[in-house]
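# Examination of the molecular architecture
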Amino acid sequence: MNKKINKVAVLGSGIMGSRIACHFANIGVEVLLLDIAPKELTPEEEAKGLALTHPAVRNRVVNAALQNAIKTNPSPVYTKKAVSKITTGNFDDDMSKIVGYDWIIEVVVENLDIKKKVFEQVEQYRKPGTLITSNTSGIPIHLMAEDRSDDFKANFCGTHFFNPPRYLRLLEIIPTPHTKPELVDFLMNYGDKFLGKTTVLCKDTPAFIANRVGVYAIMALLHLVEKLDLTVEEVDKYTGPALGRPKSATFRTSDVVGLDTMIKVAKGLYDNCPDDKAHDLFKLPDYVVKMEENKWLGDKTKQGFYKKTKTADGKTEILALDLKTLEYRPQQKIKSATLELTKPIENVKDRMKVFAAGKDKAGEVFRHSFFGLFEYVSDRIPEISDELYRIDDAMRAGFGWDLGPFEVWDAVGVAASLEGMKAHGNEAADWVHEMLDAGHTSFYQVEDGIKKYYDIPSKSYKSLPGAEAFIILDNIRGNKTIWKNSAASIIDLGDGILNVEFHSKMNTIGGDTLQAINKAIDMAEKNYRGVVIGNDGANFSAGANVGMIFMMAVEQEWDELNMAIRLFQNTSMRIRYSSIPVVVAPHNLALGGGCEFSLHADHVQVNAETYMGLVEFGVGVIPGGGGTKEFALRASDEYNEDQIVQNVLKDRFLTIGMAKVSTSAVEAFELGYLQKDKYSISMNRSRLIADAKAKAIELADAGYTQPVRRKDIRVLGKQGLGIVYAGANTMYSGHYISEHDKKISEKLGWVMCGGDLSSPTEVTEQYLLDLEREAFLSLCGERKTLERIQSIVTKGKPLRN
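In this report, we go over the structure that sits alongside the text. (Residues numbered from 1 in each chain as written. Predicted model: local features only at pLDDT ≥ 70, side-chain atom pairs only at ≥ 80, totals over all residues. Heavy atoms only, no water.)

## Some remarks on the overall build of the chain
Definition in use: Counting from the N terminus, the helices are DSSP H or I runs at least four residues long and the strands are E runs at least two residues long. We take the radius of gyration over the C-alpha atoms and set the globule estimate at 2.2 Å times the residue count to the 0.38 power. Categorising residues by exposure relies on relative accessible area from a 1.4 Å probe, with only protein chains included: less than 20% of the type maximum marks a residue as buried, more than 50% marks it as exposed, and the intermediate range marks it as partly exposed. In what follows, a contact means two residues having at least one pair of non-hydrogen atoms within 4.5 Å.
The secondary structure content of the chain amounts to 34 helices and 25 strands. Expected size for 801 residues packed as a compact globule is a radius of gyration near 28 Å; at 29 Å, the chain falls within 12% of this value. Counting over 801 residues, the chain shows a buried share of 55%. For the chain, contacts bridging at least 24 residues in sequence account for 69% of all contacts bridging at least 6.

Spelled out as structure tokens, the structure:
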């Protein structure tokens, strides 16, 4: 389908509608956001003498909703500038404007009659062929299109975003029998490439896929609480990060989302799925009914499974709900032998067998939960999906699970789990037994770097659709790794491109990481065409290994520390000045050294959700891996006759001095971490490595030439230092910063101004790197710096004298 989406109309500005509008604005789409026009004035409007016909009154609902959305944290927009792409209005006055829009998304209240009335109004104005979708979370899609024209039905389907739309990656696509197949293909592709979503094709069944399975899993746990005599803290401890689930686990997630939301879906499933074997599980336990009556719905009502209070001395305390007495009490510390056994295991998949074999409550919770879940998801095929991978995709993207149900089942062992399932009263669907009888032992397998899933109708393995567009390092690491050490691996991506993958804790950067980068560039300069620095970890890199710096500084091993910092700087410069293109592919956290590598790349292929910053100031030092030098260089490039050079210096100085971290890739550009024409954004995190490889090939094909080291960096010397020192002294005198912060500021200014040169002068990069390294080392010798670092490294243990 040759369709362009330039303008989107969002009908309904509630929590979901306003945030969906914001996300389309994030990607540069023009948005029209509409809602109802008020029927009466507020007291404030009456006091101002406004009439119901006044534009401020007519658009009060939509404007208030949009402003509330923009104020939320985390923000629904990549940058405040995105909001300018949203125009607001109301259904009565502005519905006619939708005639010029490419996609109309309905997000009004979850009431079929109201939705039908909105669609009736829409059909009066939409032009034939215009795409129209509903964001319902549970109303049957086909019922909404009843009584509509054939063209409306052909271009209509469900598009279920998850809240918050910017951050949760799931987008469920739910066609009706009348929806054009090419429209479904278009939405699957558009959601993936342009909205950054994991698009999952769903059948028009109650709660679709993610909520059907996710709410089952939650309800099963709510009932298990009574059976195993579990506390709120125990459940959240056993079902959190160790299990590959979000930190908020089960009950904290319920508080954040709202218990009423889960209750609504559960009641809907109880009413609409009478033949579901798990039907009784969707009935609310007595303690949940009582919580609903008490309006203990979570954060929105200030209490749910947890409650934030103040102690007698004014300190904040979070209490937990006792599910037996329904009284709040101090949280209990949870210990578990099973959880202790999982701690040294980095790979989530490898932890599953430990949980399954656990002899304590954690093991019991796992077996009861997952044996029931295995039965449930196997029974849902083909009801909610014909392919098992769609269920896993939906649970990972919609609920934040590291592993989907079938992936967990594979990790435990499909055949090995059947006996345990029977002991717990669970039975896998017939097709699972048939799969095993045919000699197929898992739901997934990897062949030649391509992940394949078990296709039930053909009883064979098929490649995941679109898999060729992704490079998943997990799938190729086994047979494509050509060099590795304890902290990093070099993987051959094919077509002459190497990839450096970090795999230290939090992907922190130490000597072995630097060795791997230099080794990859050495290899590429001899026998390959380019290098990508990227990984599939939770974060690109949290920065340098401060523990290593701390130990060297405490032991006063200054020569070793000097050599380590010099190696870091040289590696950054090697990234910049190699004879082959180097593309850095950051995502999530790209802090400190991870940011410095990005600053020196030929191109940065950045995920939209990248939080980038030079944060060393907070540790008591300045960026020492080339970051301070690079900001001085970029300030120099920005000096021109139309600007006051001191203001340019101040802006660059404050970005480092305030340790500013971007809240998105777009803001990383605004803060100066990314440069125009030297970065590209990958909306979909899963496409990042493939996009980075493509960019490296593009640069090589264009005839990449090794850059020449800069010798023309203009620094301000004493002219700039006077401004820096005066500002730091003012902040210190006003008690806004400490004496140590004043000293760091002066060191930062010293480097960025090129020292105390008598007048503005052009200097080399190496000159600035030497100043940077000298300042970094001197700050490492400060006791205040060591105290800051040790609070991170040793978690509050006393600093040795």
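## What about the pattern of salt bridges?
The following threshold applies: When a carboxyl oxygen of Asp or Glu lies within 4 Å of a side-chain nitrogen of Lys or Arg, that pair is called a salt bridge.
All told, the structure shown has 53 salt bridges when counted by the stated rule. Ionic pairing is found between Asp93 and Arg58, a salt bridge with its closest N-O pair at 2.9 Å. Highlighted residues: Asp93 in helix H5 (residues 91–94) and Arg58 in helix H3 (residues 55–58), separated in sequence by 35 residues. A single salt-bridge network, built from bridges that share partners, covers Arg576, Lys629, Glu630, Arg634 and Glu765.

## A few points about a negative patch on the surface
To be explicit about the condition: Each patch is assembled from residues with relative accessible area greater than 30% and no salt bridge, linking like charges that lie within 9 Å and nonpolar side chains (Val, Leu, Ile, Met, Phe, Trp, Tyr) that lie within 5 Å. Each accessible area is a Shrake-Rupley result for a 1.4 Å probe, and residues are judged covered by the shown protein chains and nothing else. In this charge count, Lys and Arg are treated as positive and Asp and Glu as negative; neither His nor the chain ends contribute. A single reference atom marks each charge: NZ on Lys, CZ on Arg, CG on Asp, CD on Glu.
A cluster of acidic residues, Glu427, Asp430, Glu434 and Asp437, forms a negative patch at the surface. Residue placement: Asp430 occurs in helix H21 (residues 430–437).

## Things to note about the pairing of strand E12 (residues 444–447)
As a reminder, the rule being used: Pairing between strands requires that DSSP locate at least two bridges from one strand to the other.
Across four bridges, the pairing between E12 and strand E13 (residues 450–455) is antiparallel. Opposite Tyr444, over in E13, you have Tyr453 as the bridge partner. As consecutive antiparallel partners, E12 and E13 are separated by two residues, and within that stretch Asp448 has a phi angle of approximately 55°, a positive value.

## A look at the sheet that holds strand E17 (residues 497–502)
For clarity, the cut-off: Helix axes are fitted to C-alpha atoms over the stretch in contact, other axes to C-alpha atoms as well, and angles between N-to-C directions run from 0 to 180 degrees.
Judged by pairing direction, the sheet is mixed, and its seven strands sit side by side in the order E15-E16-E17-E18-E19-E21-E23 without closing on themselves. Among the strands making up the open sheet, the edge pair consists of strand E15 (481–484) and strand E23 (679–682). Along the sheet, successive strands turn relative to each other by an average axial angle of 20°, direction set aside. Of the strand pairs in this sheet, E17 and strand E18 (residues 530–533) are connected by four bridges, and their pairing is parallel. For Ile497, the partnering residue across the bridge sits in E18 and is Gly530.

## A look at helix H20 (residues 414–423)
Put simply, the test is: The reported arc concerns the directions from the helix axis to the C-beta atoms and nothing else.
Along H20, the positions that sit buried rather than exposed are Val414, Ser417, Leu418 and Met421. Down the axis of H20, the buried set is contained in an arc of 120°. They therefore lie on one face. Along H20, the residues that are exposed and aim more than 90 degrees away from the buried face are Ala416, Glu419 and Ala423. Packing partners of the buried residues in H20 comprise helix H17 (361–379), helix H19 (405–412) and H21. Once H20 finishes, Gly425 follows within two positions and takes phi at roughly 80°, a positive value.

## Section: the nonpolar core
Stated precisely, the cut-off is as follows: What makes a nonpolar core is a set of buried Ala, Val, Leu, Ile, Met, Phe, Trp, Tyr and Cys residues whose side-chain atoms join them at distances within 4.5 Å.
Ranked by internal contacts, the top residues of the largest apolar core, which has 117 residues, are Phe305, Met352, Phe406, Trp409, Trp431 and Phe443. If one sorts the elements of this core by residue count, helix H10 (residues 210–228) sits on top with 12 residues. Formed by 77 residues, the second largest nonpolar core is a distinct cluster that contains Ala516, Val584, Leu599 and Ile656.

## A closer look at the side chain of Glu616
Position of Glu616 among the secondary structure elements: in the loop between strand E22 (610–613) and helix H27 (627–638). Residue classification places Glu616 among the buried residues on the basis of a relative accessible area of 12%. Contacts of Glu616, omitting those with residues within four sequence positions, involve Gly592, Gly593, Glu596, Val621, Ile622 and Pro623.

## A word on unusual backbone geometry
The omega torsion across Asn163 and Pro164 is 0°, close enough to zero to call that bond cis. Looking at where Pro164 falls in the secondary structure, it is placed in the loop between strand E6 (156–161) and strand E7 (170–175). Cis geometry is found at the peptide bond from Ile381 to Pro382, where omega equals 10°. Along the chain, Pro382 falls in the loop between H17 and helix H18 (388–399). Its identity is not glycine, yet Asp229 carries a phi of approximately 55°, on the positive side. Mapping Asp229 onto the fold places it in the loop between H10 and helix H11 (232–238). We classify Asp229 as partly exposed; its relative accessible area is 41%. For Gln556, which is not a glycine, the phi torsion comes out positive at approximately 55°. Within the secondary structure layout, Gln556 lies in the loop between helix H24 (546–554) and helix H25 (558–577).

## What about the packing of aromatic side chains?
Each aromatic ring pair is characterised by the separation of its centres together with the angle its planes make. Heads up, the rule is: Stacked, tilted and edge-to-face are the three classes applied to pairs of Phe, Tyr and Trp rings, where Trp contributes its six-membered ring and a pair requires centres within 6.5 Å; stacked means planes under 30 degrees apart, edge-to-face means over 60, and tilted covers the rest. Our definition puts a charge over a ring when NZ of Lys or CZ of Arg is within 6 Å of the ring centre and also within 35 degrees of the ring normal.
Summed over all chains, the structure comprises 30 aromatic pairs. A network of ring pairs unites the aromatic residues Phe355, Phe366, Phe370, Phe371, Phe374, Phe406, Trp409, Trp431 and Phe443 as a single cluster. The positively charged end of Arg652 is found above the aromatic ring belonging to Phe631, 4.8 Å away from the centroid. Lying over the aromatic face of Phe470, Arg687 brings its terminal NZ or CZ to 5.0 Å of the ring centre.

## Details of the environment of Ile517
Along the polypeptide, Ile517 turns up in helix H23 (residues 511–527). Expressed as a C-alpha distance, the spacing of Ile517 and Ser417, which sit 100 residues apart in the sequence, is 43 Å.

## Looking at helix H28 (residues 645–657)
Put simply, the test is: Expected span, for any helix, means 1.5 Å times one less than how many residues it has.
Across its 13 residues, H28 extends 18 Å between first and last C-alpha, which sits within 8% of the 18 Å expected from 1.5 Å per residue. For H28, the complete set of buried residues consists of Val645, Val648, Leu649, Arg652, Phe653, Thr655, Ile656 and Gly657. Where H28 is buried, its residues contact H27, strand E24 (713–715), helix H31 (718–733) and helix H32 (739–752).

## Quick word on the packing of H10 against helix H13 (residues 259–272)
Let me state the cut-off plainly: Note that the term roughly parallel is reserved for angles under 35 degrees, roughly antiparallel for angles over 145, roughly perpendicular for angles of 65 to 115, and oblique for everything else. Put simply, Ala, Val, Leu, Ile, Met, Phe, Trp, Tyr, Cys and Pro go in the nonpolar bin, Asp, Glu, Lys and Arg in the charged bin, and everything else, Gly too, in the polar bin.
It is the contact of H10 with H13, at a shortest axis distance of 10 Å, that shows an interaxial angle of 100°. In terms of axis orientation, H10 runs roughly perpendicular to H13. Here Asn211, Arg212, Val215, Ile218, Met219 and Leu222 of H10 lie close against H13, whose contacting residues are Met262, Val265, Ala266 and Leu269. The residue inventory of the contact of H10 with H13, partitioned by class, reads eight nonpolar, one polar and one charged.

## Brief notes about the packing of H23 against H25
Heads up, the condition is: Crossing handedness follows the turn of the near helix against the far one: under a right angle anticlockwise gives a left-handed crossing, and clockwise gives a right-handed one.
Relative orientation of the contacting elements H23 and H25 amounts to 30°, with a least axis distance of 10 Å. Handedness of the crossing formed by H23 with H25: left-handed. Residues Leu514, Ile517, Asn518, Ile521, Asp522 and Glu525 of H23 form the contact with H25, whose own contacting residues are Leu567, Phe568, Thr571, Arg574 and Ile575. Each residue belonging to the contact of H23 with H25 can be placed in one class, and the counts come to six nonpolar, two polar and three charged.

## Quick word on the sheet that holds strand E9 (residues 306–310)
As summarised here, the arrangement of the three strands in space is E9-E10-E11, forming an open sheet in which the pairing is antiparallel. Edge strands, defined here as strands with exactly one partner in the open sheet, are E9 and strand E11 (327–330). Across the sheet, the mean angle from the axis of one strand to that of its neighbour is 45°, orientation sign disregarded. Relative to strand E10 (residues 316–322), E9 runs antiparallel, the two sharing five bridges. Within E10, the residue paired with Lys310 across the bridge is Thr316.

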